[in-house]
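# Commentary on secondary and tertiary structure
Each chain is listed here by its residues.
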Number of protein chains: 2
Amino acid sequence: MILRLDMASDVPIYQQIRNQIVLGIGTGALAPGESLPTVRQLAESTGVNSMTVNKAYALLKSEGYILIDRRNGAKVRPQPSDGVPGPELLHRLELLAAEAAAQGISRETFLSACRGAAEKMRAKGGN
Amino acid sequence: MILRLDMASDVPIYQQIRNQIVLGIGTGALAPGESLPTVRQLAESTGVNSMTVNKAYALLKSEGYILIDRRNGAKVRPQPSDGVPGPELLHRLELLAAEAAAQGISRETFLSACRGAAEKMRAKGGN
DNA sequence: TTATTTGTATTATATTATATCATACAAACA
DNA sequence: TGTTTGTATGATATAATATAATACAAATAA
């Protein structure tokens, strides 16, 4: 799991870390139950402060993406429960759709992009 | 066009203004060529500083969503050119798909949500 | 037990982003 | 000539972000 952090980005570093780990989980690059690097390891390898990494881990934990047992460090949450998209995700999806529409992107082109994104994700169960 | 601003949100006010106008354009609530309120009017009606509104308008202008002629104020850009989703939009779409997948949301459920969002947008041309 | 490593909490500091406020200006129009 | 438009400027206050230096409880290995 290699993280690419852009220090010049307007996206906060802890958010970049969080996003890339979520991408890793979503695509299957990070398997359920797999161990993440320790806070200090990741801080060392990326040249970022420990507390910044800790903030990303705390966020991932609060969002339910990872589990933490005191000693063994962080692990990808095994067997995430099935469910429906939450309101926050739906809201962001709607904004994306609106941006596409306002840019003159056709409905079908947008949905094609959605399918393209979905197909990059790990297949799970019968889906 | 009524804006709902959440002062307690972590999303900057100028971003909330920008997002809701983009949503308005995308859904068709704001028609191409339609005039937006003046900077000072919108600042007055929302109780927000003029420069904050101006920042939102400048952003919308730089993104190509609105046009501004010096005297008549801001208007929704007429006839946005057709095209394909840009890399920034694709990246955000991919992150959304990853979050859904990592939450155990099936591919089909995610795509169903995508269709739901797309159907809220204005139909244009043959799409 | 002791020692080490884990995530995490604490406090301080520096930098940047955000928002407000008070003005001011050029351009366009009546 | 006025008036209104978007916009620029500078000052200020607050919050978010990142780094830094420690420290602590819990869990593991020695």
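Structure's up top.
Residues numbered from 1 in each chain as written. Chains lettered and ligands numbered in written order. Predicted model: local features only at pLDDT ≥ 70, side-chain atom pairs only at ≥ 80, totals over all residues. Heavy atoms only, no water.

## Notes on the pairing of strand 1 (residues 66-69) of chain A
All names here are of chain A. Where strand 1 and strand 2 (residues 73-76) come together, 4 bridges link them in antiparallel fashion. By the bridge assignment for strand 2, D69 is matched with G73. Between strand 1 and strand 2, which pair antiparallel in sequence order, lie 3 residues. (Pairing = 2+ DSSP bridges. Helix = DSSP H or I, 4+ residues; strand = E, 2+ residues; numbered from the N terminus.)

## Considerations on the protein's contact with DNA strand D
The environment of DNA strand D is made up of 21 residues, and the closest members are I13, T52 and R70 of chain A together with R70 and R71 of chain B. Near the protein, within 4 Å, the atoms of DNA strand D are sugar or phosphate in 60% of cases. I13 of chain A places a polar main-chain atom, nitrogen or oxygen, 2.4 Å from a phosphate oxygen of DNA strand D. Taking R71 of chain A, its side chain carries an N or O atom lying 3.4 Å from a sugar or linking oxygen of DNA strand D. Sorting the residues of the surface near DNA strand D by element identifies helix 1 (13-27) and helix 3 (50-62) of chain A together with helix 2 (39-46) and helix 3 (50-62) of chain B as the ones contributing at least two each. Of the residues belonging to the surface near DNA strand D, the class tally is 8 nonpolar, 5 polar and 8 charged. (Near = heavy atom within 4 Å. Polar contact = N/O pair within 3.5 Å; in protein donor to acceptor, adjacent residues only side chain to side chain. Nonpolar A, V, L, I, M, F, W, Y, C, P; charged D, E, K, R; others polar.)

## Focus on the relation of the copies chain A and chain B
When chain A is fitted to chain B, the best match, at an RMSD of 0.0 Å, comes from turning it 180° and sliding it 0.0 Å along the axis. With respect to symmetry, the two chain copies, as superposed, fit the operation of a two-fold axis. Nearest to the rotation axis, the C-alpha of C114 of chain A is located 3.4 Å from it, this being the minimum over chain A. Interface overlap between copies is the fraction of interface residues in one copy that are interface residues in the other; for chain A against chain B it reaches 100%, indicating a shared surface. (Least-squares fit on C-alpha atoms with pLDDT ≥ 70 in both. Contact = heavy atoms within 4.5 Å.)

## Examining helix 2 of chain B
Residue and element names in this part refer to chain B. Taken as a whole, helix 2 has its buried residues at L42, A43 and T46. Buried positions in helix 2, seen along its axis, are confined to an arc of 100° and lie on one side of it. Facing away from the buried surface of helix 2 by more than 90 degrees, the exposed residues are R40, E44 and S45. As for helix 2, its buried residues are in contact with helix 1 (13-27) and helix 3. G47, located one to two residues past helix 2, shows a positive phi value of around 75°. (Buried < 20%, exposed > 50% of the residue type's maximum accessible area, 1.4 Å probe, protein only. Arc of directions from axis to C-beta.)

## What about the protein's contact with DNA strand C?
If you check the shell around DNA strand C, you find 21 residues, and the closest are R70 and R71 of chain A together with I13, T52 and R70 of chain B. R70 of chain A has a polar side-chain atom sitting 2.4 Å from a base nitrogen of DNA strand C. Interatomic distance of 2.3 Å between a backbone N/O atom of I13 of chain B and a phosphate oxygen of DNA strand C.

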